[in-house]
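# Close look at the chain arrangement
Residues per chain are reported as follows:
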Amino acid sequence: MDLRPLRDAPSPEERDAIDAALGAPAAPPTPLALGAAEALRPQLLSALHAAQSRVGWVSRGALGYIAERLHMPPAEAYGVASFYALFSLTPRAERVAHVCDDVACKARGADALAAALEAALGPAGESTQGIGWHRSPCLGLCDRAPGVLVQCAGATPLEAALGEARPDVVLEALRRREVPAEPPTVIHQPREGLRLLQRVGVADPTQLDAYRAHGGFLALRRALTLGPAAVVRELSDSKLAGRGGAAFPTARKWQAVAAQPARPHYVVCNADESEPGTFKDRVLLEDDPFAVIEAVAIAAFAVGAEEGIVYLRAEYPRAYTRLTEAIAQCEARGYLGDNVLGRGVRLRVRVARGAGAYICGEETALLNSLEGKRGEPRSKPPFPVEVGYLGKPTAMNNVETLVAVLEILREGGEAFARRGTPQSTGTKLFCLSGHIARPGVYEVPFGTKLSALVALAGGVTAGRRVGAVLLGGAAGVFIGPDELDLALSLEDARAAGATLGSGVVMVLDDTTPLLPYLRRMAAFFRDESCGQCVPCRVGTVRVEELLSRVARKKPLDSWAAETERLEALAQTMCDASICGLGQTATSALSSALARFEILPKDEPSP
Amino acid sequence: MVLWGSNAREAHPIFFHHVLKAIRRGAKLVVVDPRRTASAAWADTWLSVKIGADIALANAMAHTLIAEGLYDKAFVEAACEGFEALKAHLAGYSPEAMAPVCGVDAETIRQVARRYAQADRAMICWTLGITEHHNAVDNVLSLINLGLLTGHVGRWGSGLNPLRGQNNVQGGGDMGALPHKLPGFQDVEDPVVRARYEALWGASIPAKKGMTLTEMFEAMGVGALKGLYVLGENPAQSEADGGHAQARLKKLDFMVVQDIVFTKTAEMADVVLPARAAWCESEGTVTNSERRVQRVRRALTGPEGARDDLEILGALAARLGHPLGPLTAEALWDEMRTHSPMHHGMSYARLEAEGGLQWPCPDDAHPGTPFLHGRLWERPLRSPRARLSITHDAPPVEALTPEYPWRLTTGRRLDAYNTGVQTGPLRSPLWRETTVDMHPDDAAGAGFADRTPVTVRSRRGAVVAPVRYDPSLPRGVVFMTFHDPDAVDTNTLTIDVTDPRSGTAEFKAAAVAIAALSHSDAAE
Amino acid sequence: MRLEDAPPRRRITLTVDDREVTVAEGSTLLDALKQLAVDTPTLCWAENLTPVNVCRVCVVELEGARTLVPSCSRKAEAGMKIRTDSERVRTSRRTVLELLASTVDTSAAASLQAFSARYGADPQRYGAQGAPHGPRDAARPGHHAVTSGAEAEGVAQPVKVDNDLYVRDYAKCILCFKCVEACGTDAQATFAIAVAGRGFEARISTEFDVALPESACVYCGNCVGVCPTGALMFTQEHSLRAEGQWRPEAQHETDTVCPYCGVGCVLRLHVQDDTIVKVSSPVESTVTHGNLCVKGRFGFGHVVKLRRNKREAVG
Ligand SMILES: Cc1cc2nc3c(=O)[nH]c(=O)nc-3n(C[C@H](O)[C@H](O)[C@H](O)COP(=O)(O)O)c2cc1C
Ligand code: SF4
Ligand code: SF4
Ligand code: SF4
Ligand code: FES
Ligand code: FES
């Protein structure tokens, strides 16, 4: 391609960091044909991470050098880099705290934390002696709210999560480039009956042998013995439905990929978990990484793929370390590689990191991101099972879905299906957060009553009563205190006009006004919209503006007209948006409006 | 797809869009060019052939095709002639023997030959890189050999294509604006054809072919040609060895220039006839590189006093005693196509309705012909066989010497065109002054920093321009454009040795010396 | 004679507003609608570009689908039942048009204005258009300042004038992606511009918003050729509009052939007062598919001007 490079040169540090990520350059650089150039593109995000974590931002010189190394147009590289919230294209403090001010943290002191940091460091986004802070959407630390992600750039960069963050601890961490060790995950429910969480807090997540000692790799062995078709059959018997939000039957997805003639096939594990209030996948990834890897390997085997990719949100540094180290151990011990378990099967797993974009959890946006592009959802059909990663058939599943596969292979599909309800089989992880006594991940069979789950987590904090529950995440629904009798199954939720989504159960007590939460969610969708389609790109802004007017009690015209406006917006966003983000962005709001008095009433005209 | 001596990305940008589409669909691109041009940057394979060694490379490829049995035996047997002679001739052109001559290693030559032969469809396109040499015709013939040997001719998606440099080079030829042709490429020396046109025009036509442009200039030089009528050309600046050309023009007794702008040549003329711009102030047709005849139309009145070419010619004919009556472009076209079989079916109405037609289009129902030479695939062959030609590698006429050690080659840039008569005023933000482009190592070795002004001298003249470092150039080669002759008249350097058959000059290979600017040069 | 290897395509039948229509397999719903002469609004679709289906103004109702589907990109399938004028379709089309009009300056977007009139879209529905919060080219993804909601946040910003040939007025940009496609994968393959940023702050930009002369732009003007809103505009048109001298009703269009290289691109000359004020190329042309290079696109006015000057100089 005849590309025009950016003229600015990278600093030696930037160059070295980028070369370390991309490998030493072949000198002298010569143009590449289109196909060869495009094949380099998937490395873009990791190169950008390298530059950013070395000097704290992506400079012109760094971006230009990356574009040159990857034979891509600088404008496109800029377009991609500027899509992701964790890349800064203007100088940024070298050490920053990303402070979650999203819904679950808001319920537990995030606003006070932000105010304290503002007092100490100045407004968000500014840099004081190389130190700064930013607001952030949910960091997946809602069980230990308020959550903070600390990033310090340098030769040995530091990235670490900080739960139950206090301002002094955050400031100290930034000053000393050191974060206190995160305590291990606590399971607050009785251990018996735990299946997906059986090893969490029990087996050392950094040791392959500890994993083996707790039943690790039995499922992989069984799968290799059964053969791909039989694995899919077990899955079909289990009636497993996807846990990522859409509840699509996993067996059908795998079957479809396995049947595609185009090669190669790919498996992608969706570990982007960014739905506000969700952190269950993080617990699995951090505390049972070998299980995730084993499950990805089984999926790859079943659909005829040799490569599995875990797409991990960049806000999970601990999971990243655990996974990469676990993969290295698996390779060294023959659980991954060219001859898995001596059966002549070739399976590889690698981890790719996102860079701060909720939309990249949407499967097709995720694929684009993996390919080094902007995380814009693709138009469906065609679905990823036909046209997925690099245009090839791809099976994508949520972390929890995959880990459930291990259970299915261990006990058999039919046994698995006996748990839960007839239409929602197995157990489900729920993420309890907000005004709840013992926030955390809970595993219960489908069909468990919401009230029972809340009780399991110790009920509402400080003895208060439930005011509202956000079910399923920002893309979910608010339900009222009179609906706690709901049985948590796909079918019951559907019948109640609710959704279980990614398993969010965020509780707000009866003293908490809802409007600030609705506004935070509106801001979230506005921030996280990819910006492709008009209903979502502009609609999310207009919804937020409308809620600002509600907060100021100043309608544009009348509240009746505002209501109509909102209805038209909601209908159009649901009907005409490209992807699930726009389609569900008004879902929680609409459910709240239907159940609670949020909009003021017009004064009767005199 | 092979682009041979063509930087279509910059010289034929919209044609290159079609190439890019094919690349996106998986087509492979090979570019043969001494420079790593913008086109070469899109290629899977770039062959940096030495300047003037195209025949060596093509023949080595042909050698490979035959030696490895990759040629299309059935096609060659059924539709070609001269195979045995060619085979014998090529014995001396093995890739090993030619590698040092053409600068491409033997294995790469073989590989490209194989890929070309084995492709389902393959096309070779060339432009001035092939034709602006003293042995232009042989260059082209060696490429045609490749097409014939592999049967990549006469079929959809295959073929051999000269990319025309100017909007109506093809059309001019179609209409008989060649010294030896009447409209529709009918031979002027054929008495039957001539008689038909003489009857039609009521005038006699010289029985012998006329002179090529080069022959005319030679004739001017020796005083055999005394009067010249120049229509829409700027030979004072476009001819190789420009200084020489101007001297010859000055020798003429009488020169008429008919043009849309006041060119350098017009400055030298006795009479200047201001014309309307054919493309936007007149009606008519032009023919593009794919033989598509398209309408040009009058959108503007044109400057006061400028007249339509037809009107001028009509008035001139009348003054010369041959009143032609009122002339319209369409009536003339209809007359032309009545007598040119390949244009028969192309009425203005059809050209307009169908967005142009590709000749041959022999009748009103004929859809036009997207590719030529399909006849070679008729079995049994009902028309003459295609001839495989014997071509000889011959280095550029002007050898490099210690005195003139650099090889100068010239070319075009995206936003400029020929001598700049039309694009001159288009100062797009891409515009760059004319520079002496050299490989950085060469330039540094010669002691020139980037942007140093230097004198470039050939046996014919000298110009001054700054050096520009360009790593896309091969060592030993200097590249200059010729778009801005008023500032830097590159063509004073180029060599006026022409191919005896086509009359094109060797713009692409002069020997030059380069020196730091001396004070006397600067004073000029 | 034509593509010898193009297999004959299967024909499939579907129903549109209770009328049956048969199209070749691989056709889009829009193709089917065109065949039935159902006039469908489109903004981001163009005959010579790959559909990106982002504007959503062409949506139709597909029986059995949860959401509406974009007719410009959705492939027709046998047995589909389509509604093009249901209440749902009209609401979405109207709202989309209102959302756009609340955001950008639509003064030069003729088609958008026409669609708005047709669907009764009220550009003031979301209040008066307000300024964006801070310069859009410096926006950070995932962060924005919450506004009072008194005005509808828009994308107003200064016109980018950094070369003599065309201007970029992104206050008019609806982010239809067309220019990016024309500059990139679908025609020119120069990739001087891309979509940068995200969400409402998504925008068309060169790398780091550098001026065009510093970018890869080769001034083919193909982006201007496809822009449906006048956000990209040839300088000549821009100046004439500024002077109030742009008079489409006084213009005529003449197709001719580019006087430069041998590709033979069809030029459509837009002439006002006996002067060329703009050059385009018809998308139907098999030579150009609507695209031109810098010479064909901009090589004219200068010729005309030069001749005038020379004549003045000579005469
Ligand atoms: C806006 C949006 C965000 C999403 N985020 C996630 C996510 O973070 N993790 C996830 O597993 N699925 C997410 N999904 C769902 C995925 O698109 C996809 O359905 C899922 O990965 C399929 O896996 P499953 O079948 O195992 O559930 C998201 C969907 C949308 C529309
Ligand atoms: S709905 Fe929103 S997130 Fe999804 S494609 Fe459209 S703009 Fe992007
Ligand atoms: S500048 Fe024009 S073509 Fe480009 S995205 Fe904006 S409206 Fe579309
Ligand atoms: S527009 Fe460009 S490519 Fe087309 S004919 Fe003119 S000069 Fe050639
Ligand atoms: S970490 Fe703050 S809401 Fe989830
Ligand atoms: S025209 Fe179909 S989505 Fe824009």
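In this text, all values refer to a predicted model and were calculated from it rather than measured experimentally.

As a further point, take helix α4 (residues 60-69) of chain A. Residue and element names in this part refer to chain A. Where burial is concerned, most of α4 is hidden: 8 out of the 10 residues are buried. Regarding α4, the residues found buried are G61, A62, L63, G64, Y65, I66, A67 and R69. On its buried face, α4 is in contact with α1 (12-22), α3 (44-55) and α5 (74-81).

On a regular strand, one side chain projects to one face of the sheet and the next to the other, so that they alternate. Residue and element names in this part refer to chain B. Burial analysis of strand β13 (residues 292-296) places 5 of its 5 residues in the buried class, which makes it a mostly covered element. Residues R292, Q294 and V296 of β13 are buried on one face, and the alternating residues V293 and R295, pointing to the opposite face, are buried as well. Turn length for the strand β12 (residues 284-287)-β13 hairpin, with the two strands adjacent in sequence and antiparallel, is 4 residues, and the turn residue R291 shows positive phi of about 60 degrees. The sheet contact formed by β13 and strand β14 (residues 357-358) spans 2 bridges and is antiparallel.

Here the focus is the sheet that holds strand β6 (residues 265-271) of chain A. Residue and element names in this part refer to chain A. The mixed open sheet is built from 5 strands, whose spatial order is β8-β9-β7-β6-β10. Every other strand in the sheet has two partners, leaving β8 (337-340) and β10 (394-398) as the edge strands with one partner each. Neighbour-to-neighbour, the strand axes of the sheet open up by a mean angle of 25 degrees, direction not taken into account. As paired elements, β8 and strand β9 (residues 345-353) share 2 bridges and run antiparallel to each other. Paired with G337 across the two strands is L347, which belongs to β9. Relative to the sheet, helix α17 (residues 399-411) contacts β6 and β10, its axis offset from that of β10 by approximately 95 degrees.

Moving on: unusual backbone geometry. Omega for the peptide link from A:K380 to A:P381 comes to -5 degrees, which places this bond in the cis form. Backbone geometry places C:R56, a non-glycine residue, at a positive phi of 70 degrees. Mapped onto the elements, C:R56 comes out in the loop between α1 (29-35) and β3 (59-62). For C:R56, a relative accessible area of 4% gives the class buried. Residue C:L175 is not a glycine yet carries a positive backbone phi of 55 degrees. You can see C:L175 is positioned in the loop between β8 (166-168) and α4 (178-183). Here C:L175 falls in the buried class, since its relative accessible area comes to 6%.

Turning to the nonpolar core, a few remarks are in order. Membership of the largest hydrophobic core comes to 205 residues, with the highest contact counts inside it found for A:W254 and A:F478. Take this core: its biggest share by element is 13 residues, from helix α14 (residues 289-303) of chain A. Discounting residues that sit within four places of it in the chain, A:F478 has contacts with A:A468, A:V469, A:L470, A:L508, A:L514, A:L518, A:M521, A:A588, A:S591, A:A592, A:R595 and A:F596. Counting residues in each nonpolar core, the second largest holds 46 residues, with B:A53, B:Y71, B:V112 and B:A122 among its members.

All names here are of chain C. Spatially, the 5 strands line up as an open sheet ordered β2-β1-β5-β3-β4, and their pairing is mixed. One side of each edge strand has no neighbouring strand; the edge strands of this open sheet are β2 (19-24) and β4 (69-70). Pairing between strand β1 (residues 11-16) and β2: 6 bridges, direction antiparallel. Its bridge partner being in β2, I12 is matched across the sheet by V23. In this fold helix α2 (residues 87-103) packs onto β3 and β5 (81-83), with an angle of close to 155 degrees to the strand it touches most, β3.

What counts, and where the lines are drawn
Residues numbered from 1 in each chain as written. Chains lettered and ligands numbered in written order. Predicted model: local features only at pLDDT ≥ 70, side-chain atom pairs only at ≥ 80, totals over all residues. Heavy atoms only, no water. Buried < 20%, exposed > 50% of the residue type's maximum accessible area, 1.4 Å probe, protein only. Helix = DSSP H or I, 4+ residues; strand = E, 2+ residues; numbered from the N terminus. Contact = heavy atoms within 4.5 Å. Pairing = 2+ DSSP bridges. Axes fitted to C-alpha atoms, helices over the stretch in contact; angles between N-to-C directions. Core = buried A, V, L, I, M, F, W, Y, C linked by side-chain atoms within 4.5 Å.

By themselves, these are just geometric observations and shouldn't be taken as functional.
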